[in-house]
Structure formats: structure tokens, C-alpha cells
Amino acid sequence: KTSSSARPTDDNSGSDTPLRRCWVGGQWRESGATFVKTSPVDGHCVAHVVEADKALIDDAVAAARRAAAGEWGRFSASQRKALLHRIADGIENRFEEFVAAEVGDTGRPVEQARILDIRRGVANFRLFADLVADASGEVYETETPDGEGALSYTISRPHGVVAIISPWNLPFLLLTWKIAPALALGNAVVVKPSEETPSSATLLCEVIAEAGMPAGGFNLIHGHGAGAAGEFLTRHPGIDAITFTGETGTGQAIMRAAAEGVRPVSFELGGKNAALVFADADLEKALDGVARSTFLNCGQVCLCTERVYVERPIFEQFVAGMKARAERMVYGGSDAVTGLGPLISHEHREKVLGYYRLALEEGATVVVGGGTPQFGDDRDGGSWVEPTVITGLPQTARCLQEEVFGPITHIAPFDTEEEAIGLANDTVYGLAAAVWTRDVSRAHRVSRRMRVGITWVNTWFQRDLRTPFGGVRLSGLGREGGRHSLDFYCQPMTICVKI
Ligand code: NAD
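Conventions and cut-offs
- Residues numbered from 1 in each chain as written.
- Predicted model: local features only at pLDDT ≥ 70, side-chain atom pairs only at ≥ 80, totals over all residues.
- Core = buried A, V, L, I, M, F, W, Y, C linked by C-beta atoms within 7 Å.
- Buried ≥ 20, exposed ≤ 12 C-beta atoms within 10 Å, placed from the backbone.
- Contact = placed C-beta atoms within 7 Å.
- UniProt positions renumbered as here; feature names shortened; annotations may be inferred.
- Helix = DSSP H or I, 4+ residues; strand = E, 2+ residues; numbered from the N terminus.
- Pairing = 2+ DSSP bridges.
- Axes fitted to C-alpha atoms, helices over the stretch in contact; angles between N-to-C directions.
- pLDDT = per-residue confidence, 0-100.
- Parallel < 35°, antiparallel > 145°, perpendicular 65-115°, else oblique.
- Left-handed = near helix turned anticlockwise from the far one by under 90°.
- Nonpolar A, V, L, I, M, F, W, Y, C, P; charged D, E, K, R; others polar.
- Near = placed C-beta within 6 Å.
- Expected span 1.5 Å × (residues − 1).
- Bend = angle between axes of the 7 residues up to and from the residue.

J.: For this particular structure, what's the right way to read the nonpolar core?
T.: Generally speaking, a soluble globular protein has its nonpolar side chains buried in company with each other. In this structure, Ala64, Leu84, Val189, Val190, Ile221, Leu276 and Val277 are the most contacted members of the largest nonpolar core, which totals 149 residues. Ignoring sequence-local partners within four residues, the contact set of Leu84 consists of Phe125, Phe128, Ala129, Ala180, Leu183 and Ala184.

Pasting the structure below:
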């Protein structure tokens, strides 16, 4: 098999290519079936990956249950805090290995992997280690008929075993965003990274084991989603809660699986995010910001901007500025801003190119891009596409309603603030918005009318990890981040003591 999305095949043993195995009950495990993970840069085989079968997932869940009821479940909050900091130290000690793993699977700019992916992964472990250690419950003096009173107080208890399912677009960042709070609160976890990005997660198993995690507290399984490892895991009756980041349609399938057993879910799903640029904005900053929010990670960030609405007096100037910035992108460049990696896979490239074609059918004007670059070398076997800016589509066009998840944005003019707000909110999604203006009152006025989980003003992707993160409508369910993660990854319990 040559496709990274291929179904399981027999292990290609004897080759030099590494084998990414599952980590179950404190041991490396195989299932007898593997699939091939290819590089999106040039299509070469990066790794063979074990495709976990039902039996292996049964073992992982059983190991997690034993750990939750055993040594790991008896760790105190301060022991868990120390463990999480040791994990963060371990990642830092092997920082460049993690960067290489992430770059190898995704082809992204090295600086981006350093700054965004791995450094933020370390920060996730440190943030939740400290948050949980400082968390406190509620205490009430409760009145009773006999006048003596009662003391009511709350404690937090872990769910037990949490399934963590993550996507390929920011593999390490999104995985650790969930693993850290789940472990900090004392859950055992069974983690399934995307089949497209098995490598940094596999490395993390070594670090977590070296940090002193008891066997079974952390388990990693590899494999595909529907009808395979992901579905087996989310349907497994031994799972107590499910946290998922990925496509909205997958979230809906997982929600159906979670209904069996009435398990709590936390979903971070798709988006179709708008940027509103007012004529009073600092134009250069707005252009740099919107270009970054369009092209970062080749447009494969759930928060990326796919719709830009620009106040009419600066529309032409803005379109020209975006064109110039698209032309400045460097294929394969290492710089976090101007470097442009490939899309994750041939399969995803087909989807994105389908939207490039659809845009033309729907009547778009292509300002820049719209196709695939030709290199005349090995990279022609990769999954590259051109950074693309389009204009001229009606708001009802599918390209303005459906998530593309590639380096493409549409720019449309608006005349009034009210019209801009209406256009931004005209979507089934509701993840993020960006407002570019120098008018402080307008910034606040418009921001609070965005139907999203987060609105940025004169910036983008600036995250304070303590704030709630998530989407409304088809963009998600629940919030994670800071104490909001603590709310999801444990259950409060009340104890009432009669005095
Ligand atoms: P995806 O939904 O295809 O896959 C995500 C994960 O779910 C993978 O590990 C996959 O194997 C697994 N999976 C697939 N089908 C499953 C099933 N039926 N049961 C259980 N598991 C299953 O998403 P993707 O293509 O990897 O990621 C891109 C999507 O993720 C985009 O829609 C993007 O907007 C979204 N995303 C959202 C956020 C957010 O915070 N809101 C962040 C990043 C990505």
C-alpha cells in the first residue's frame, strides 16, 4: 500500500522503516496488521503503523481500568502534578526528536513545529499540572431544622477511563491539550491519534513511561476511525467519557456511540471562520493577520479564516495585499510565517482541489493560486497545493458555507457594520471570528455579536490557555481550557455532614 489512508495490511517486516506500535498496559503491542503512513512532502513511506484490532483495544481498556482502580488511581494530586511536570521535562529533553516526528508526519515548517506544536504541548502539561494542584471545591454551612446545621462540601472525582480521539492537523498540541487535564485529574486514558500522525504520540509513550506513570494509566492505540480502532474505542463499554477533536460528521457518529451508556462527551469540531476588516483598521497589520490566519499550517487549523469581509473603501487594496502575501509563501520553507507545507495527504488534497474546482463552477474569480505547484522533483509525489485567494462568490455558494480546510479564503466587500455581522454569522458553524478595527467601541460591539466560541480583535490564534475554548452550533459541544477542562475531566461529588 502506498497511501497513508490505506486500510490495514500485513506488516512489512524486514524494511528499514520504523514500526509505530501501540502502548498498552505499559508494553509495546502489535496486532498482526499494519498500515503505511506516507510523507505528504513526497509520498515516501514514513512508518508502518500497527492497526489496533478489537482484542488490542479490549486489552487497552482493561489495562486502563486496572490502573484507575490500582496504583495510578491512588496517586495524590501532588504526585500527579509532579508526574506531569516530569513529562513536560521529558518532552523538553527530547524536544528536537518531537519536532522531527511532527515534521516527518506532516511536512510542516520546522519553526512552526517548534513554536506552535511542541512548545505548546509542553505548556499544556505544565498548565494543567499546576491548575489541578491549586483547585479547590465548594463548602457551604447548610441550615438544618434542629439549628445545629450541616456542612456540605464538594470533592472532584475522575471519571475512570477517558477515551481521547484527536485529528492530524495539530497532532501533538491537540493530543496533549486533552491528555494533560485528563491525567492531572487522575483518569486513566486510552488515546487514539489520527492515522495520519502516529509519530509524536508514539514518542510520548516513552516519555510518559520514563516519567513514572504506572502501567495502564496511559495507553495509546493506533488505527483508523470509522469501522476500525476509533469506533471500537468509542463504542467500548469500559470507556467512561470521550473527548474528541475532529470533523463535525465524526463528532455526530461519536455522539451516537456515546449515547450507549450515557457517557459524557466534549467535542471540538469544524469551522468556517470569518474575519471582518473595517476601513479604519491598521491595514498592514490586518493583512498580515488575515494572511497568517488563512495560510498557517496550509490552512489546516480549525480556527483558520476561510471568509473575509472587507469594508468597501479598502476592498481592492485588501485583495491586492492578500495576493502579494500569498505570492510570498515559500513551499517547504522553514519559517513559521512564510513557510508553506503540503496538505496532510493525497486524499485531503483531492478534497481541497475539489473546492478549488467548485469555486470556479460557482463563479469565483481566482485572484491567486487555485491549482497545484509543479516542482520537477520528488515533491511532485506529495500533497502540495497553491495558496489561494478568491472573490466574487454569492454568500450562498457552497464554498462559503462548507469547511475546506486548506489554504484558501474568499474576500467579499460590505457596506455597513450590520451587514458585516449578518454575513459573519451566516453559517452553520461557530468556532472563531476575527475583527480588525481601530475603533474600540466597534471592537466590543461587533465582538459580542459574533456567534462563536472566541472572537479575536486585531489578532488571531492568541490563546490564553486558562480561557474556555470551544464552539457553538456545529463547531462543538462543551468547553475545554483552564478550569473548564477540569469541569469536563472529573465529576464533582457532594458530601453533606450533619453537625
Ligand atoms: P476526523 O474527524 O476525520 O478524524 C479525527 C479523529 O477521529 C481521527 O483520529 C480519526 O481516526 C477518528 N475517527 C474518524 N471516524 C471515527 C469514528 N466513526 N469513530 C471514532 N473515531 C473516528 O478529522 P480530521 O480530518 O483528522 O481533522 C480535521 C477536522 O478537525 C476539521 O474538521 C477541523 O476543523 C477539525 N478540528 C477542530 C478543532 C477544534 O478545536 N474545534 C481543532 C482541530 C481540528
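On we go from here.
J.: Can you help me understand the UniProt feature "domain: Aldehyde dehydrogenase" (unreviewed entry) in the protein chain in this one?
T.: Per the UniProt entry, the sites bearing "domain: Aldehyde dehydrogenase" (unreviewed entry) are residues 29-494 in this numbering. Between the first and last C-alpha atoms of residues 29-494 the distance is 40 Å; the span itself is 39% helix and 20% strand.

J.: Would you mind showing me how to read the sheet that holds strand S21 (residues 432-436) here?
T.: Within a sheet, neighbouring strands are paired by backbone hydrogen bonds and run either parallel or antiparallel to one another. Strand order in the open sheet formed by seven strands is S18-S19-S20-S15-S14-S21-S22, with mixed pairing between adjacent strands. Of all strands in the sheet, those with a lone pairing partner are strand S18 (365-368) and strand S22 (454-457), marking the two edges. Shown here is a sheet whose adjacent strand axes are inclined to one another by a mean of 25°, direction ignored. The sheet contact formed by S21 and S22 spans four bridges and is parallel. Within the sheet, the bridge partner assigned to Ala434 lies in S22 and is Trp456.

J.: What is the right way to read the confidence of the model for the protein chain from this model?
T.: Do not read the predicted coordinates in detail wherever pLDDT is low. Overall, the predicted model of the protein chain reaches an average pLDDT of 95, with 97% of residues at or above 70. Averaged pLDDT values for the elements of the protein chain fall to 33 in strand S1 (residues 9-10) and rise to 99 in strand S14 (residues 273-277). Ignoring residues within four places in sequence, the model shows residues 1-13, a span with pLDDT below 50, making 32 contacts including any to other chains. Scoring the predicted complex yields pTM 0.95 and, for the interface, ipTM 0.97.

J.: For this particular structure, what's the right way to read the packing of helix H9 (residues 283-295) against helix H10 (residues 315-328)?
T.: Packed helices, taken two at a time, are described by the angle their axes make and the gap between the axes. Close contact between H9 and H10 brings their axes to 10 Å; oriented N to C, the two are set at 50°. When the axis of H9 is compared with that of H10, the two are oblique. When you trace H9 past H10, the crossing you get is right-handed. Facing H9, whose interface residues are Leu283, Leu287, Val290 and Ala291, H10 presents Gln317, Phe318, Gly321, Met322 and Arg325. For the contact of H9 with H10, the residue count by class is six nonpolar, two polar and one charged.

J.: Help me out: how do you make sense of the site of the ligand in this one?
T.: Surrounding the ligand, one finds 32 residues, the nearest of these being Pro167, Gly225, Gly230, Gly246 and Cys302. Where the shell around the ligand is concerned, the elements lending two or more residues are helix H7 (229-235) and helix H8 (248-259).

J.: Looking at this structure, how should I read the sheet that holds strand S24 (residues 490-498)?
T.: Pairing is antiparallel in the open sheet, where three strands are placed in the order S7-S8-S24. Single-partner strands in this sheet number two, and they are strand S7 (139-142) and S24. In this sheet, neighbouring strand axes are inclined to one another by 25° on average, regardless of whether the strands run parallel or antiparallel. Two elements, S7 and strand S8 (residues 150-158), share four bridges in a ladder whose sense is antiparallel. Residue pairing across strands places Thr142 opposite Ala150, the latter belonging to S8.

J.: I would appreciate a short explanation of helix H4 (residues 110-134) in the present structure.
T.: Because an α-helix packs 3.6 residues into every turn, residues spaced three or four apart end up facing the same way. Between the first and last C-alpha of H4 there are 35 Å, a value that for 25 residues agrees with the 36 Å anticipated at 1.5 Å per step. Remark: the principal bend of H4, roughly 30°, maps to Arg120.

J.: Would you take a moment to explain the UniProt feature "active site" (unreviewed entry) in the protein chain for this structure?
T.: The UniProt record marks Glu268 with the feature "active site" (unreviewed entry), using the residue numbering of this structure. In this fold, Glu268 is placed in strand S13 (residues 265-268). The buried category is assigned to Glu268, around which 27 C-beta atoms lie within 10 Å. Apart from residues no more than four positions distant in its own chain, Glu268 is found in contact with Thr245, Cys302, Gly470, Gly471 and Gly476.

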